[in-house]
Amino acid sequence: MSEVEILLDGAPVTCAEGLPLTEVLMARAPFWRQSPGRGANRGMFCGMGLCFECVVEVDGAWSRACLERTRAGMSVRTDQPEARP
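Predicted model, so just to flag it, every value in this text is computed and none were measured. (Residues numbered from 1 in each chain as written. Predicted model: local features only at pLDDT ≥ 70, side-chain atom pairs only at ≥ 80, totals over all residues. Heavy atoms only, no water.)

Draft legend 1. Just the state of the cysteines, in detail. If you walk through the whole model with that rule in mind, you get zero disulfides. You can see Cys-15 has no disulfide; the closest cysteine sulfur is in Cys-54, sitting 16 Å from it. Lacking any disulfide linkage, Cys-54 is separated from the closest cysteine sulfur, that of Cys-66, by 3.7 Å. Using a relative accessible area of 3% as the deciding quantity, one classes Cys-54 as buried. (Disulfide = S-S within 2.5 Å. Buried < 20%, exposed > 50% of the residue type's maximum accessible area, 1.4 Å probe, protein only.)

Here it is as structure tokens:
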């Protein structure tokens with residue numbers, strides 16, 4: 001696999017191309033979001049696109065990180081919990 005650079009919450013991150021985005025997120029911060037009700041830390045749950053726990057903004061659109069593959073230049077935002085679908 002070749003390495004690519006993506007933007008993660010505005011910061012450049014180098015990773016292998018084609019990885020599930022959740023692998024990059026878990027490596028950087030195992031709990032990249034919080035529970036809307038209690039603010040408890042949350043990370044990946046099902047890993048296959050059923051639970052929507054890993055929803056992030058990718059290139060301006062909401063996407064499930066476990067189904068999204070890393071590619072050069074993609075922009076990922078995890079820091080907008082109030083705007084989640």
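Draft legend 2. Inspection of helix 1 (residues 21-28) at higher detail. Taken together, the buried positions of helix 1 are occupied by Leu-21, Thr-22, Val-24 and Leu-25. One face of helix 1 carries all of its buried residues, which in axial projection span an arc of 160°. Contacts from the buried residues of helix 1 go to strand 1 (3-8), strand 2 (11-16), strand 5 (55-58) and strand 7 (75-77). (Helix = DSSP H or I, 4+ residues; strand = E, 2+ residues; numbered from the N terminus. Arc of directions from axis to C-beta. Contact = heavy atoms within 4.5 Å.)

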